[in-house]
Amino acid sequence: MCKSAGRILLVDDDEFVLLSVKLLLEPHFASVKTTNNPERIPALFEQEQFDVVVLDMNFRHGDTTGNQGLFWLRKILSLHPDTQIILLTAYGDIQLAVDSIKEGALDFIVKPWQNEKLLTTVKTANVVSQEKKNVKLLKSQQKSLVSALRQAHEPLIGNSPALNAIRKTIDKVAPTEAEVLILGQNGTGKEVIAREIHARSKRADGIFMAVDVGSLSESLFESELFGHRKGAFTDAKEDRIGRFEAAAGGTLLLDEIGNLSLPLQAKLLTVLQHKKVTRLGTHEPIALDVRIVCATNCNLHAMVSDGKFREDLLYRINTVEMTVPPLHDRAEDIPLIATHFLKKFSAKYQKPYLKLSEAALAQLQGYRWPGNIRELQHAVERAVIMCEGEELLPDDFGRDPQKVQGEFSFERLNLEQLEAWAIRKAIAKHHGNISHAAEELGLSRGALYRRIETYGI
Ligand SMILES: Nc1ncnc2c1ncn2[C@@H]1O[C@H](COP(=O)(O)OP(=O)(O)OP(=O)(O)O)[C@@H](O)[C@H]1O
């Protein structure tokens, strides 16, 4: 017979009871210990963590109050809350049974017992104890995963008026449960913003989960988001919870929501309206406990006008709406973000001495960054890898200078950005010689120094 991993402790003052229960349980459990003295319970727990204790209610001869049993029940549960306790008494006192279960006992058995019933009860108690331990373990694993994920996420870098306005909106919206819609081109930082909302919300201890709903096929959509029961469809080999349930207590980012087909939009709307999901193959709706944030690079308002996006869904998801501008519209953020990535990648590639040259910075600020911050991140990583000296030079970024020039667009910079860019370029051209740069720019050295300070060059 295959023994289960359970460790059982029997406590009774009657040696005959101890022996017969031990003989009954021993073939089924890894360890069965006995004692006729309840005072020894703490010492026995020091030697072994018992999963189940079968505890007599009355130890003194003639005592039928059950008070001793209740005392030891409380004591064990206060020290070892995961241990399951089954009480054993010769007196079928229903009130005592009710009291002991109220105090936390799992079950109650009346002497003389039926072997079959006692064995089943101890087996069930052992399963409950193991499950409780598993849940505790999973919870602590989830906690460390959540904190590891939180550490892994990029901070929101930038000091442009546009980004500061977004920060202000995050401050207001994060503590609420309002649905937020984040619009913006690919790579502008929509997910970073969604994470920031989560990190500053009441759900910060819960999980942040992003799901690219736009890439889910019609057939996968429901099982991925709502979950399924084993056998709900051909490939459903086991029960599976969906993302809505998996993110319970946290925040779910529905990314690329503009790519959802109209039928899937209808399904999502139903879930959001009723705040309930039903796993495929089941009929019991489960209440949603998740904050929804949506993101897309599509113009949902235009899609509504064209009949490609449901207006009712748009109004369900955009209680607060924010648009993240493309990187070239906030060129003043580029030095800060590039420096952030330089720090990150110079540490990763063990080149902590690396610096950004003025010429490289001028090139980065002049480039259009069609892939936005994601492209800038990759460009800096490449430059760190390729750089042979102590300064990152324009060539290290692997961008064709012609293309950079070609893609540079003056009309996208305001006057101050344009001036800062021209100053950087002149300084780089003259290898840091301020007099020559000032001469080329038609400024006095003092005027150039003042501007360098103003623009933080
Ligand atoms: N303000 C920022 N500061 C620092 N890093 C950022 C910032 N915004 C974005 N990033 C980084 O740029 C990359 C792209 O950001 P993110 O994934 O948030 O963009 P997205 O708009 O959600 O992109 P997509 O639309 O393609 O999903 C990520 O590596 C992210 O960490």
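About the thresholds
Residues numbered from 1 in each chain as written. Predicted model: local features only at pLDDT ≥ 70, side-chain atom pairs only at ≥ 80, totals over all residues. Core = buried A, V, L, I, M, F, W, Y, C linked by C-beta atoms within 7 Å. Buried ≥ 20, exposed ≤ 12 C-beta atoms within 10 Å, placed from the backbone. Helix = DSSP H or I, 4+ residues; strand = E, 2+ residues; numbered from the N terminus. Contact = placed C-beta atoms within 7 Å. UniProt positions renumbered as here; feature names shortened; annotations may be inferred. Pairing = 2+ DSSP bridges. Axes fitted to C-alpha atoms, helices over the stretch in contact; angles between N-to-C directions. Near = placed C-beta within 6 Å. Nonpolar A, V, L, I, M, F, W, Y, C, P; charged D, E, K, R; others polar. Domains from an automatic or database assignment. Parallel < 35°, antiparallel > 145°, perpendicular 65-115°, else oblique. Left-handed = near helix turned anticlockwise from the far one by under 90°. pLDDT = per-residue confidence, 0-100.

**Digging into the nonpolar core**
And then number 1: Within the largest apolar cluster, 33 residues are counted, with the highest numbers of intra-cluster contacts made by I182, V293 and C294.
And then number 2: The set of elements that each furnish at least two residues to this core consists of α6 (161-173), β6 (180-184), α7 (190-199), α8 (218-226), β10 (251-255), β13 (291-296) and α12 (311-317).
And then number 3: The contact partners of V293, leaving out residues within four places of it in the chain, are V180, I182, A194, I197, T251 and L253.
And then number 4: Core analysis: the next-biggest nonpolar cluster, separate from the first, contains 32 residues, A331, Y367, A379 and A426 among them.

**Some details on the UniProt feature "modified residue: 4-aspartylphosphate" (unreviewed entry) in the chain**
And then number 1: Using the residue numbers shown here, the UniProt feature "modified residue: 4-aspartylphosphate" (unreviewed entry) corresponds to D56.
And then number 2: Looking at where D56 falls in the secondary structure, it is placed in strand β3 (residues 52-56).
And then number 3: When residues no more than four places from it in sequence are discounted, the contact partners of D56 are V11, D12, D13, G69 and L88.

**Section: the sheet that holds strand β5 (residues 107-110)**
Pairing between the strands of a sheet is mediated by backbone hydrogen bonds and can be parallel or antiparallel.
And then number 1: Read from one edge to the other, the open sheet built from 5 strands follows the order β2-β1-β3-β4-β5, with strand pairing classed as parallel. Looking at the sheet topology across the chains shown, the edges are occupied by β2 (29-35) and β5. The mean inter-strand angle of the sheet, taken between neighbouring strand axes irrespective of direction, is 20 degrees.
And then number 2: Pairing of strand β4 (residues 84-89) with β5 involves 4 bridges; the strand directions are parallel. In the sheet register, I86 faces β5, and the bridge partner there is D107.
And then number 3: Along the sheet face, helix α1 (residues 15-25) touches β1 (4-11), β2 and β3 and points at about 175 degrees away from the line of β2.
And then number 4: Its contacts with the sheet put helix α3 (residues 67-79) on β3 and β4, and the angle it makes with β4 is roughly 170 degrees.

**Quick notes on the site of the ligand**
And then number 1: E154, I157, G189, K190 and E191 are the nearest of the 20 residues found near the ligand.
And then number 2: Contributing elements (two or more residues each) for the shell around the ligand: α7, α13 (334-348) and α15 (372-386).
And then number 3: Broken down by class, the residue content of the shell around the ligand amounts to 6 nonpolar, 9 polar and 5 charged.
And then number 4: There are two domains that each give the shell around the ligand at least three residues, and those are domain 2 (157-325) and domain 3 (328-455).

**Overview of the sheet that holds strand β7 (residues 208-212)**
And then number 1: On the basis of which strands lie adjacent, the open sheet formed by 5 strands has the order β7-β10-β13-β6-β14 and parallel pairing. Strands at the two margins of the open sheet, each flanked by one partner only, are β7 and β14 (320-324). Ignoring which end each strand starts from, the neighbouring axes of this sheet average 20 degrees apart.
And then number 2: Sheet topology note: the β6/β14 ladder contains 5 bridges and is parallel. Looking at the pairing, L183 lines up with T323 of β14.

**Focus: the packing of α13 against α15**
And then number 1: For the pair α13 and α15, interaxial distance at closest approach is 9 Å and the crossing angle is 45 degrees. On the basis of the axis angle, α13 is oblique to α15. Remark: the crossing between α13 and α15 carries right-handed chirality. Residue-level inspection shows I337, A338, F341, L342, F345 and S346 of α13 in contact with α15, the latter providing I373, L376, Q377, V380, E381 and V384.
And then number 2: Taken together, the residues that form the contact of α13 with α15 break down as 9 nonpolar, 2 polar and 1 charged.

**Focus: the confidence of the model for the chain**
And then number 1: The pLDDT averaged across the chain works out to 88; a share of 93% of its residues lies at or above 70.
And then number 2: Across residues 401-407 the pLDDT falls below 50, and counting only partners more than four positions away or on other chains, this stretch makes 7 contacts in the model.
And then number 3: Interface predicted TM-score (ipTM) for the complex: 0.97; the corresponding pTM is 0.67.

**Looking at the environment of P161**
And then number 1: Here P161 shows up in helix α6.
And then number 2: The exposed category is assigned to P161, around which 10 C-beta atoms lie within 10 Å.
And then number 3: P161 sits 171 residues away from E332 along the chain, and the two C-alpha atoms are 9.4 Å apart.

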